[in-house]
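# Notes for the structure review
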Amino acid sequence: MDPDLKAALRREALTARRQGGDDAALAGNLAQVLAPHGDKVLAGYWPMRGEADPRPAMVAHAAPVCLPVVLGPARPLVFRRYDGRLETGSFGTSHPPPDCPELQPQVLIVPLAGYDLAGNRLGYGGGFYDRTLQALRAVSPVLAIGLAYAVQEIRLIPVEPTDEPLDLIVTDRGILHPGEK
Ligand SMILES: Nc1nc2c(c(=O)[nH]1)N(C=O)[C@@H](CNc1ccc(C(=O)N[C@@H](CCC(=O)O)C(=O)O)cc1)CN2
Ligand SMILES: Nc1ncnc2c1ncn2[C@@H]1O[C@H](COP(=O)(O)OP(=O)(O)OP(=O)(O)O)[C@@H](O)[C@H]1O
């Protein structure tokens, strides 16, 4: 896979992301997707750099909510229960402190730089979510929901063997089901 192409697509998507979109519509679409999953452990994320904001869904969720923590390069993320407390991680992330219990999410809201209609995703290039989804799916099925502004759509993302697909993509313009035509 051509790393330059992927890097160029990532830059393009991140630039587009700065335009943002309709936050109320985005929150409404995410709420609709999560409605049948209120009893499941949900992983959100703490938005940064203009990422679409999953926090309204995290607040509304009935079952426990957790946030990703980077343990180190090339390691899967772990998830700690979110109880309102946060500390600053490397790379500008915010995550729950170490005394918060580790949880295994069943539903994940996944941040992204860009997505395509086949459910492929471009992140920041660390492979964190690929490793994480692979590890979680090796144990039990999870629902991975990509959250993005519609302007982050990329026509075609080059797929690598380690890429873990998204089950659903929620944007401010709608709900996409990548598996279906
Ligand atoms: N809000 C949020 N939280 C998240 C993620 C995310 O994408 N969004 N992650 C999703 O994985 C994990 C953090 N991963 C990150 C990976 C790289 C960079 C980053 O700043 N990369 C630099 C390049 C660093 C380097 O290679 O030296 C960059 O993009 O400029 C930030 C977060 C866990 N938490
Ligand atoms: N399960 C895995 N095992 C080993 N290497 C992996 C795995 N998943 C991803 N990688 C490697 O990680 C690197 C970065 O992957 P990729 O460019 O897909 O990251 P990304 O999806 O943009 O980032 P992120 O998931 O952190 O937001 C790639 O070189 C890829 O080969």
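Parameters at a glance
Residues numbered from 1 in each chain as written. Chains lettered and ligands numbered in written order. Predicted model: local features only at pLDDT ≥ 70, side-chain atom pairs only at ≥ 80, totals over all residues. Helix = DSSP H or I, 4+ residues; strand = E, 2+ residues; numbered from the N terminus. Rg over C-alpha atoms; globule rule 2.2 N^0.38 Å. Buried ≥ 20, exposed ≤ 12 C-beta atoms within 10 Å, placed from the backbone. pLDDT = per-residue confidence, 0-100. UniProt positions renumbered as here; feature names shortened; annotations may be inferred. Contact = placed C-beta atoms within 7 Å. Pairing = 2+ DSSP bridges. Axes fitted to C-alpha atoms, helices over the stretch in contact; angles between N-to-C directions. Near = placed C-beta within 6 Å.

Further remarks concern the overall build of the protein. Within the protein, the secondary structure is distributed over 4 helices and 11 strands. A compact globule built from 181 residues should have a C-alpha radius of gyration of about 16 Å, and the protein, at 15 Å, falls within 12% of that. The buried share of the protein, reckoned over its 181 residues, is 36%.

This part takes up the confidence of the model for the protein. On average, residues of the protein carry a pLDDT of 96, and 99% of them reach 70 or more. Here the prediction assigns the complex a pTM of 0.96, and the interface score ipTM is 0.93.

Here the focus is the UniProt feature "binding site: ATP" (unreviewed entry) in the protein. The feature "binding site: ATP" (unreviewed entry), as annotated in UniProt, sits at Arg121, Leu122, Gly123, Tyr124, Gly125, Gly126, Gly127, Phe128 and Tyr129 in this numbering. Here Arg121 shows up in strand S8 (residues 121-122). When residues no more than four places from it in sequence are discounted, the contact partners of Arg121 are Val110, Leu112, Tyr115, Gly146 and Leu166. Tracing the backbone through its elements, the reader meets Gly127 in the loop between S8 and helix H4 (128-139).

Moving on to the environment of Leu133. Tracing the backbone shows Leu133 in helix H4. For Leu133, a count of 22 C-beta atoms within 10 Å gives the class buried. For the pair Leu133 and Gly28, spaced 105 residues apart in the sequence, the C-alpha separation amounts to 25 Å. If we ignore the near neighbours within four places in the chain, the residues touching Leu133 are Val142, Ala144 and Glu164.

Attention now goes to the pairing of strand S2 (residues 65-69). By the criterion of burial, S2 is predominantly enclosed, with 4 of the 5 residues buried. Strand direction decides the pairing type here: S2 and strand S3 (residues 78-81), joined by 4 bridges, are antiparallel. Pairing of Cys66 across the sheet is with Arg81, part of S3.

It is worth spelling out the sheet that holds strand S6 (residues 107-110) at this point. In a beta sheet, neighbouring strands pair by backbone hydrogen bonds and run either parallel or antiparallel. Sheet architecture is open: 7 strands sit in the order S3-S2-S1-S6-S9-S10-S11, paired in mixed fashion. Every other strand in the sheet has two partners, leaving S3 and strand S11 (174-176) as the edge strands with one partner each. Relative to S6, strand S1 (residues 42-43) runs parallel, the two being bridged by 2 bridges. Bridging from a neighbouring strand, Leu42 pairs with Val107 of S6. The strands touched by helix H2 (residues 23-34) are strand S9 (143-147), strand S10 (168-171) and S11; relative to S10, the strand with the most contacts, the crossing angle is about 150°.

Around ligand 2, the surrounding shell holds 14 residues, and the nearest of these are Gly123, Gly126, Gly127, Phe128 and Asp130. For the shell around ligand 2, the element with the most residues is H4, which contributes 5 residues.

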